[in-house]
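Tertiary structure, described
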Amino acid sequence: VDDLWLLYVIDLPTTLRPVSKEDLKQLDMDIEKMKERANTNVRKAVGSPSKLIKEMPENALGSVELGVYYEASLLALHKDWTDVAAKFDGNLLVSVPQPGLLLYKDGRHDRALEVLKAVTTQMFTQAQMPLSSTILKWSENGWVNAENNE
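A few points on the structure. (Residues numbered from 1 in each chain as written. Predicted model: local features only at pLDDT ≥ 70, side-chain atom pairs only at ≥ 80, totals over all residues. Heavy atoms only, no water.)

Considerations on the layout of surface pockets
Roughly 1400 Å³ of internal volume is contained in the largest pocket. In this structure, the largest pocket is lined by 42 residues; those nearest its centre are Leu6, Leu7, Tyr8, Ser73 and Ala76. When residues of the lining of the largest pocket are traced back to their parent elements, those giving at least two are β1 (9-11), α2 (31-45), α4 (78-86) and β7 (142-145). Ranked by residues supplied to the lining of the largest pocket, first place goes to α2 with eleven residues. Grouping the amino acids of the lining of the largest pocket by side-chain chemistry returns 28 nonpolar, six polar and eight charged. (1 Å grid on protein atoms, 1.4 Å probe; cavity = no way out; pocket = protein on both sides within 12 Å on 5 of 7 lines; lining within 4 Å. Points joined across faces, edges and corners; volume = space filled by probe spheres on them. Helix = DSSP H or I, 4+ residues; strand = E, 2+ residues; numbered from the N terminus. Nonpolar A, V, L, I, M, F, W, Y, C, P; charged D, E, K, R; others polar.)

The following block contains the structure:
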């Protein structure tokens, strides 16, 4: 969505590198198996969105920041988000201003998009490794830009 791209990587002790066709061949995996393995690895490292994303009071801003660097990868777990968004009547707003941080807000409340955008923009501009200032909303077709979807 917009400035966010999904890149599958091999996590090495001191670095990451993109998965190549040669890697898939060597691991005896096709693209679907690789996606399944990546999703399993994210769930193992970070957890499931259904356990991490909690309902909250009207003025609250939620965050997932576990110190494992893969929090933004939660967005790739598409099968998990439909039930999570349903807790917010389909109005769950999220952002990932840096790789190790996922912010969320209940979009049913006044000024939710405006508040999340302001916080996200500030964190994005101050981040050592900025990722995205885009605000996302879950839809039946996956993530969409919340600012273009009102």
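Here the narrative resumes.
Observations regarding unusual backbone geometry
A positive phi angle is found at Asp28, which is not glycine, with a value near 55 degrees. Summarising the element assignment, Asp28 is placed in the loop between α1 (21-26) and α2. The class of Asp28 is exposed, set by a relative accessible area of 63%. Unlike most non-glycine residues, Arg111 shows phi in positive territory, near 65 degrees. (Buried < 20%, exposed > 50% of the residue type's maximum accessible area, 1.4 Å probe, protein only.)

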